[in-house]
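# Structural overview
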Amino acid sequence: MNDRGIRLLLLASVFTIATCGLIYELIASTVASYLLGDSVTQFSTIIGAYLFAMGIGSWLSRYVEKDLLRVFIQVEFLIALFGGSASATLFVLFAHVSSFRVVLYAIVLVIGTLVGLEIPLLLRILEGRLQFKDLISKVFTFDYIGALLASLLFPLVLVPYCGLARSGFLFGILNGAVGLVALWALRGQVRGARALQIQGIVVLALLGAGFAYSERIITWSEASAYNEEVIFAKSTPYQRITITRGGDDLRLYLNNNLQFSSRDEYRYHEALVHPGLARLPNARRVLVLGGGDGLAVREILRYPRIESITLVDLDPSMTRLFSTQEMLTRLNAGALTAPRVHVVNGDAFTWLKDNREVFDFIVADFPDPSNFSIGKLYTTAFYQRARHALAPGGAMVIQCTSPFVARQSFWCIDETLRACGFVTEPYHTLVPSFGEWGFILASLHPLTEEWNFPGGLRFIDAKSVADLSHFPPDMGRVPVQVNRLNNQALVRYFDAEWARYSQQ
Amino acid sequence: MRTTRRKFIGTVGASAAAMLVGCKRARKFSGAIVGASAAVGHRLRLGNFPAPSETIDAGVVIVGGGIAGLAAARRLDQLGQRDFLLIELEHQPGGNAASGQNAVSAYPWGAHYVPLPNDESVEVLALFEELGITRGHDANGAPVYDEEFLCADPMERLFDAGRWQEGLLPQIGITADDRRQYEDFFARMESFRSMRGRDDGPAFAIPLDLSSRDAELLALDGKTMAAWMTEQGWNSVPLRWHVDYSCRDDYGAGIEHVSAWAGAHYFASRRGRASNADRDAVVTWPEGNGWLAKKLAAPCATRTRSSGVVFNVEQSDGAVVVDYLDVEREQSVRVKTRGVVCAAPRFVAHRMIRDLPGGNDAVYSPWMVANVTLDQLPSGSGTPLAWDNVARASDSLGYVVATHQNVHPVPRETVITHYWPLDAAVPAEERQRALARTHADWCERVAADLDRVHPGIHSHIRNIDVWVWGHGMIRPVPGFIWGGAREMMQEPHGRIVFAHSDMSGISIFEEAFTRGTQAADALVALIG
Ligand SMILES: Cc1cc2nc3c(=O)[nH]c(=O)nc-3n(C[C@H](O)[C@H](O)[C@H](O)COP(=O)(O)OP(=O)(O)OC[C@H]3O[C@@H](n4cnc5c(N)ncnc54)[C@H](O)[C@@H]3O)c2cc1C
């Protein structure tokens with residue numbers, strides 16, 4: 001290739017490099033604000049860190065004395081690898097590391113530094129081939145045009161059509177290709193060209209695999225089903241766990257059904273736990289069935305007198321996620337790793353069969369009875385087993401779907417508990433993200449009317465608790481069947497009622 | 001959503017692959033034909049057994065460890081006659097209520113449920129209480145069932161016109177006339193259910209010997225169910241399909257073969273009560289009635305000789321000898337005893353007891369039962385997976401899901417029990433054909449039958465075990481139940497009393513259990 005050709009090629013790489021560099025920066029900022037929320041902070045800190053790292057890279061470039069071309073090509077491959085895989089890596093690590101921010105900034109610093117090395121090295125490579133004023137003007141022109149292209153491509157094409165993970169891999173591949181093309185054009189002037197070539201091909205292959213596979217890492221078609229950004233999604237043998245974020249609102253979905261919104265979950269969980277537990281001054285041992293998010297446990301831990309809490313949740317992925325992921329452990333105040341808490345992964349029904357312990361308070365926080373397999377956890381057979389696990393004078397509370405939307409379902413659970421010999425106290429409250437929500441407190445003997453609430457509650461207090469048990473006529477008791485394993489009456493009511501409701 | 005599309009492509013791919021494979025050669029499935037009865041039956045016919053090389057004594061011998069034999073054992077214990085030996089041909093007791101077990105689940109090899117027993121099934125009700133299936137009674141005297149033993153909802157679904165629907169009565173595409181006939185038929189069955197004959201006995205009772213002998217009712221035994229339905233104007237195709245299905249399910253033969261009395265008995269005899277379930281509830285377990293068989297067999301484990309084929313029962317001067325082949329040692333043993341409960345099927349009794357009077361002309365329905373291990377639950381459009389899943393267009397009876405009673409959510413693997421009464425041709429011919437088929441032949445049929453309702457299920461099959469019941473159950477052909485044959489079968493023969501559901505003409509748990517209990521009572525009265 002003649003000198004002119006090489007000049008053109010190098011300038012073309014400036015353009016590509018600039019585009020890629022800005023894309024990585026945008027991807028890192030976007031992933032950070034998806035995952036951590038508060039986009040203003042994320043964008044400005046990530047961009048700051050990135051630019052600063054570029055400065056480090058530029059400064060480091062002075063230490064590259066010889067083999068400029070070789071180093072440049074190697075830097076290209078490294079950027080391709082780190083930059084290209086950054087967003088996928090961040091998504092995957094998000095669920096598994098406890099200090100996500102450290103990882104995030106480390107990755108940003110590495111990419112920034114490498115990108116910072118690029119332009120100074122290129123300037124020096126082109127030094128002898130162009131006049132200085134030409135060199136500076138051309139390199140910076142292409143750099144800024146590349147940046148413009150990136151800033152337009154990113155929101156208009158990449159995010160909507162490719163998704164973050166795939167865009168990352170795509171630009172990583174471009175970045176690696178620049179290195180390979182430069183290597184090919186200048187192979188005569190680079191030492192160890194063959195080994196470099198192999199490196200380049202390996203990097204491209206890895207990125208290609210990532211590109212093909214990234215659809216699984218985060219399903220963007222799924223993201224579009226939610227109004228908020230999906231920041232975590234995983235199919236376990238038991239369910240699909242999806243966590244979304246919209247602004248500072250974190251939401252958990254199981255099989256696409258909303259489990260909580262961080263904006264108002266305290267209302268739900270305070271209402272679930274305190275109307276019952278605040279009335280059991282002698283309660284020491286608590287059992288939580290379901291509720292792997294640890295939010296009910298957080299409420300129970302407010303009582304210093306509680307000595308032990310056993311949480312039985314089916315899905316180890318759920319309890320692991322909510323014991324390790326920083327943002328989620330902040331939400332549940334580290335409930336699942338508290339010393340008083342004992343987490344068991346198992347099926348509640350089976351677990352109760354083998355259980356010989358008794359508990360003063362039992363919380364049944366299962367998903368809504370939307371299928372036959374969950375419906376079994378609301379049957380007479382289940383409540384009879386739970387009854388055996390209840391200490392004399394203890395109480396059990398059950399989340400009971402919406403008495404407004406699914407009125408028969410709600411009263412069916414009440415009827416079922418009463419058929420098992422429980423005295424029940426149905427109550428309800430408004431959880432804005434859910435609507436009107438119902439709970440039933442069940443005990444073998446009527447409970448006292450004296451509540452002793454712990455400090456720190458935001459919703460339930462001595463005044464509001466009394467109002468919870470008033471049911472206006474549109475949610476009042478209706479005649480219903482008892483839910484049994486052999487009739488699954490509840491699932492049938494629930495199905496019909498929610499279908500009717502969602503048709504409206 | 002992408003995941004579903006991927007799944008869809010996966011299934012289409014799998015079915016395409018299955019079709020390709022199907023074109024070339026059927027897939028090979030692991031598994032085996034199990035059960036000793038077929039080979040032993042052959043040997044019994046030929047009679048080539050070694051002469052006894054050992055003689056032992058036992059107070060009483062029970063021949064056959066099906067439900068009737070096990071019930072006899074239980075009653076002998078209750079009566080204090082603890083010195084007995086129960087000899088069973090298979091490697092475990094249970095008979096038609098035998099069961100198996102693999103890493104995924106226990107599963108039945110035959111009988112898999114018992115409906116709520118009628119009040120008159122006193123022996124069975126007592127057993128249920130003893131085993132904790134029921135726990136006392138409510139104020140109205142209705143037993144309170146342990147709900148974990150009652151078949152969980154959804155119980156039945158039918159694949160018809162490309163969709164699964166709830167229940168086994170066809171509902172898709174039926175006409176107003178069909179509906180009228182449904183109502184008419186079930187109204188008649190309802191009136192039979194509460195009807196009493198001129199002798200004040202219930203029209204249809206369980207045990208059936210308690211039924212009214214009113215000639216008008218017994219006349220139903222003289223014609224086939226099909227003929228009677230035609231007389232009544234019940235020509236609706238879906239109605240007849242449903243009744244035919246039900247008869248095949250209980251008798252191994254359809255409405256063209258069984259008597260109208262037997263057909264009506266199926267629909268009109270059930271008056272069982274439960275404080276906490278509807279009348280049509282049933283009790284069941286992963287291993288089906290194998291659960292009951294195991295409970296009954298446990299107390300007499302040390303007095304049981306499994307893999308023992310009784311081939312000769314003789315008596316002289318008040319002493320009885322029972323010769324059996326110990327299959328494992330290939331040696332015969334002679335047991336000297338004071339009395340015998342013969343709880344083997346009647347056609348076997350004729351081979352063992354050479355001087356037994358009466359003909360050996362009862363008709364038996366052959367069956368094939370396959371237990372299919374799947375790495376995924378079958379699904380399909382429409383009503384979700386039920387306990388009993390039936391395809392209208394199939395000759396088989398569909399399949400029962402062994403893991404249905406599991407309370408544990410989302411099992412990924414399961415065992416399904418596929419039932420196939422072999423009633424296309426006359427029993428002798430079907431029996432011969434069935435016994436000639438290889439494991440691969442059966443697998444191909446079973447997999448093809450399942451594939452028709454669950455395209456692609458082929459690729460989820462991990463194992464298929466097969467049991468061929470050459471003489472699965474007695475067939476209540478016209479005239480058998482009330483024509484006098486059964487009365488003869490019930491007569492003791494010297495010191496041998498008989499207990500088997502064959503003597504009822506319909507093969508159900510309550511009959512077998514009651515027969516066994518009564519035979520033990522009779523024998524103790526006889527030998528003192
Ligand atoms: C496929 C199938 C499905 C069924 N499903 C149901 C159901 O769901 N519910 C229901 O109530 N009923 C069902 N039945 C009916 C079932 O037959 C009865 O419920 C009951 O189990 C019959 O018991 P039994 O003791 O009368 O007869 P069997 O079970 O026939 O018992 C006879 C026993 O004698 C043994 N024997 C035979 N010959 C010899 C010999 N020479 N020496 C030693 N032992 C010998 C046999 O091995 C067997 O164990 C089903 C039957 C079949 C075939």
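Residues numbered from 1 in each chain as written. Chains lettered and ligands numbered in written order. Predicted model: local features only at pLDDT ≥ 70, side-chain atom pairs only at ≥ 80, totals over all residues. Heavy atoms only, no water.

## Focus: the overall build of chain A
Note the cut-off: Helix and strand assignments follow DSSP, with helices taken as H or I runs no shorter than four residues and strands as E runs no shorter than two, numbered in order from the N terminus. The atom set for the radius of gyration is the C-alpha atoms, and the globule formula is 2.2 Å times the number of residues raised to the power 0.38. Type-normalised accessible area, obtained with a 1.4 Å probe on protein chains alone, sets the label of each residue: buried when under 20%, exposed when over 50%, and partly exposed for intermediate values. Whether two residues are in contact is decided by their heavy atoms, any of which lying within 4.5 Å being enough. We get accessible surface area from the Shrake-Rupley algorithm with a probe of 1.4 Å; when it comes to residues, only the shown protein chains can shield them. Here the positive residues are Lys and Arg and the negative ones are Asp and Glu; neither His nor the chain ends is included. In this description, the location of a charge corresponds to atom NZ of lysine, CZ of arginine, CG of aspartate or CD of glutamate.
When helices and strands are counted, chain A shows 18 helices and eleven strands. Since a compact globule built from 504 residues should have a radius of gyration of about 23 Å, the 29 Å found for chain A marks it as more spread out than a globular shape. Along the first, second and third principal axes, the C-alpha atoms of chain A reach 95 × 45 × 40 Å. For chain A, the proportion of its 504 residues judged to be buried stands at 57%. Here the analysis covers contacts within chain A between residues at least 6 apart in sequence; of these, 74% occur between residues at least 24 apart. Split by element, the accessible area of chain A, about 20,800 Å² in all, is 59% carbon and sulfur. Separation of charge centres in chain A, based on 43 positive and 42 negative side chains, amounts to 7 Å.

## Considerations on the domain arrangement of chain B
All names here are of chain B. Basically, it comes down to this: Domain segmentation is taken from an automatic or database assignment of domains. We define buried area as the total accessible area lost by two parts upon association, computed with a 1.4 Å probe and summed across both. Salt bridges are defined by distance alone: a side-chain nitrogen of Lys or Arg within 4 Å of a carboxyl oxygen of Asp or Glu. Within 3.5 Å is the distance limit for a polar contact, defined as a pair of N or O atoms, with the added protein rule that one can donate a hydrogen and the other accept it, and that residues adjacent in sequence qualify only through two side-chain atoms.
Along its sequence, chain B is carved into domain 1 (43-98 + 288-362 + 477-527) and domain 2 (184-268). Between domain 1 and domain 2, the buried area comes to about 1,300 Å², and carbon and sulfur atoms account for 64% of it. By the criterion of area lost to domain 2, the three top residues of domain 1 are Pro478, Trp482 and Ile506, representing 48% of everything that side buries. The partner of Asp209 in a salt bridge is Arg515, and the shortest N-O contact between them spans 2.8 Å. Across the domain 1-domain 2 interface, the total number found is seven residue pairs in polar contact (both at pLDDT 80 or more).

## Details of the sheet that holds strand E5 (residues 285-290) of chain A
Residue and element names in this part refer to chain A. Put simply, the rule reads: In this analysis, strands are considered paired if DSSP registers two or more bridges between them. Note on definitions: angles span 0 to 180 degrees between N-to-C directions of axes, and those axes are lines fitted to C-alpha atoms, for helices only across the stretch in contact.
On the basis of which strands lie adjacent, the open sheet formed by seven strands has the order E7-E6-E5-E8-E9-E11-E10 and mixed pairing. Both edges of this open sheet fall to strand E7 (341-345) and strand E10 (423-431), since each of them pairs with a single strand only. Between one strand axis and the next, the sheet turns by 15° as a mean value, whatever way the strands run. Relative to strand E11 (residues 435-443), E10 is paired through nine bridges, and the arrangement is antiparallel. The residue of E11 that forms the bridge with Val423 is Ser443. The strands that helix H15 (residues 380-388) touches are E5, strand E8 (359-365) and strand E9 (390-399); relative to E9, the one it contacts most, it runs at about 140°.

## Points about the sheet that holds strand E2 (residues 240-246) of chain A
All names here are of chain A. Here we have four strands laid out as an open sheet, ordered E1-E2-E3-E4, and antiparallel in their pairing. Two strands lie at the open edges of the sheet, namely strand E1 (229-235) and strand E4 (257-261), each paired on one side alone. When the angles between neighbouring strand axes are averaged without regard to direction, this sheet yields 20°. The pairing of strand E3 (residues 249-254) with E4 spans four bridges and is antiparallel. In the strand pairing of E4, Leu254 is matched with Asn257. Across the sheet, helix H11 (residues 316-324) lies against E1, E2, E3 and E4, angled at about 30° from E2, the strand it touches most.

## Concerning the site of the ligand
Residue and element names in this part refer to chain B. Note the cut-off: Near is defined per residue: the residue qualifies when any heavy atom it owns lies within 4 Å of the molecule or strand.
For the ligand, the set of nearby residues contains 35 residues, the closest of which are Glu88, Asn96, His500, Ser501 and Ser507. Residue Tyr113 places a main-chain N or O atom 2.8 Å away from a nitrogen atom belonging to the ligand. At 2.7 Å from an oxygen atom of the ligand is found a side-chain nitrogen or oxygen belonging to His500. Taking 980 Å² as the accessible area of the ligand by itself, protein coverage stands at 95%. The greatest single-element share of the shell around the ligand, amounting to three residues, is contributed by strand E13 (residues 308-316).

## Brief notes about unusual backbone geometry
All names here are of chain B. For the bond from Asp153 to Pro154, the omega torsion is -5°, close enough to zero to count as cis. Within the secondary structure, Pro154 sits in the loop between strand E8 (143-145) and strand E9 (156-160). One non-glycine residue, Ala161, adopts positive backbone phi at about 50°. The residue Ala161 is located in the loop between E9 and strand E10 (163-166) in this model.

## With respect to helix H2 (residues 37-46) of chain B
Three or four residues apart is the spacing at which side chains of an α-helix point the same way, because the helix has 3.6 residues per turn. Residue and element names in this part refer to chain B. Quick reminder of the rule: By definition, the arc is the one covered by directions from the helix axis to the C-beta atoms.
The set of residues buried in H2 consists of Val40, Gly41 and Leu44. Along H2, the residues classed as buried sweep out an arc of 105° about the axis, all on the same side. Residues of H2 that are exposed and point over 90 degrees away from its buried face: Ala39, Arg45 and Leu46. As for H2, its buried residues are in contact with E13 and helix H11 (346-352).

## What to know about the environment of Leu116 of chain B
Residues and elements named next belong to chain B. Tracing the chain through its elements places Leu116 in the loop between strand E6 (113-115) and helix H4 (122-131). With 155 residues separating them along the chain, Leu116 and Arg271 place their C-alpha atoms 7.9 Å apart. Residues within four places of Leu116 in sequence aside, it is in contact with Tyr145, Leu150, Arg270, Gly272, Arg273, Ala274, Asp278, Arg279 and Ala281.

## Side note on a nonpolar patch on the surface
What counts, and what does not: Patches here are clusters of residues that have more than 30% relative accessible area and form no salt bridge, with a 9 Å joining cutoff for like charges and a 5 Å cutoff for nonpolar side chains (Val, Leu, Ile, Met, Phe, Trp, Tyr).
On the surface, a nonpolar cluster with roughly 560 Å² of combined accessible area is contributed by Leu148, Leu152, Leu156, Val157 and Tyr161 of chain A. Along the polypeptide, Val157 of chain A turns up in helix H5 (residues 132-162).

## A word on the interface of chain B and chain A
Interface size is often expressed as the accessible area that is lost when the parts come together. Filter applied, for reference: Note on residue categories: nonpolar means Ala, Val, Leu, Ile, Met, Phe, Trp, Tyr, Cys or Pro, charged means Asp, Glu, Lys or Arg, and polar means any other residue, Gly included.
Contacts between chain B and chain A engage 22 residues on the former and 24 residues on the latter. Joining chain B to chain A, the criterion identifies four salt bridges. For the pair chain B and chain A, the interface holds nine residue pairs in polar contact (both at pLDDT 80 or more). Across the side of chain B that touches chain A, the residue classes break down as eleven nonpolar, four polar and seven charged.

## Structural notes on the nonpolar core
Put simply, the rule reads: Definition of nonpolar core: a set of buried residues of the types Ala, Val, Leu, Ile, Met, Phe, Trp, Tyr and Cys, connected through side-chain atoms within 4.5 Å.
Grouped together as the largest cluster of nonpolar side chains are 123 residues, with contacts concentrated most on Leu277, Val297, Ile300, Ile309 and Phe361 of chain A. In terms of residue count, helix H1 (residues 3-36) of chain A provides more of this core than any other element does, 17 residues in total. Dropping the residues within four chain positions of it, Ile309 of chain A is found in contact with Val286, Val288, Val297, Ile300, Leu301, Arg340, Val341 and His342 of chain A. If you look at the next biggest cluster of nonpolar residues, it comprises 69 residues, including Trp234, Leu239, Val258 and Tyr364 of chain B.

## Describing the domain arrangement of chain A
Residue and element names in this part refer to chain A. Under the domain assignment used here, chain A contains domain 1 (3-221), domain 2 (228-259) and domain 3 (264-503). Distance between the C-alpha centres of domain 1 and domain 3: 51 Å. When domain 1 packs against domain 3, close to 590 Å² is buried across both sides, 49% of that on carbon and sulfur atoms. Linking domain 1 with domain 3 are zero salt bridges. Breaking the side of domain 1 that touches domain 3 down by element, the ones donating at least two residues are H1 and helix H4 (100-126). Tallied by class, residues from the side of domain 1 that touches domain 3 come to six nonpolar, two polar and one charged.

## As for the confidence of the model for chain A
The condition is simple: As a per-residue measure, pLDDT reflects the predictor's confidence and takes values from 0 up to 100.
The pLDDT averaged across chain A works out to 89; a share of 95% of its residues lies at or above 70. Counting contacts from residues 219-224 of chain A, a segment whose pLDDT is below 50, to residues more than four positions away or on other chains yields 14 contacts.

## Here we look at the packing of H4 of chain B against helix H10 (residues 290-297) of chain B
Angle between the axes and distance between the axes: these two values describe a pair of packed helices. Residue and element names in this part refer to chain B. To keep it simple, the criterion reads: Orientation categories follow fixed angle ranges, with anything under 35 degrees roughly parallel, anything over 145 roughly antiparallel, 65 to 115 roughly perpendicular, and all other angles oblique.
Following both chains from N to C, one finds H4 and H10 inclined at 80°, their axes separated by 12 Å at the closest point. By the criterion of interaxial angle, the relationship of H4 to H10 is roughly perpendicular. When H4 is examined against H10, the residues Leu127, Phe128 and Leu131 are found in contact with a partner set consisting of Trp291, Leu292, Lys295 and Leu296. For the contact of H4 with H10, the per-class residue count stands at six nonpolar, no polar and one charged.

## Describing the packing of aromatic side chains
Residues and elements named next belong to chain A. What counts here: The pairing test for Phe, Tyr and Trp rings, Trp by its six-membered ring, is centres within 6.5 Å, and the orientation test on the planes gives stacked under 30 degrees, edge-to-face over 60, and tilted for anything in between.
Enumeration over the complete set of coordinates arrives at 40 aromatic pairs over all chains. On the numbers, 5.4 Å between centres and 55° between planes, the contact of Tyr268 with Phe439 is tilted. With Tyr268 in helix H9 (residues 265-277) and Phe439 in strand E11, this pair connects stretches of sequence that are 171 residues apart. For the pair shown, Tyr268 and Phe439 are each scored as buried.

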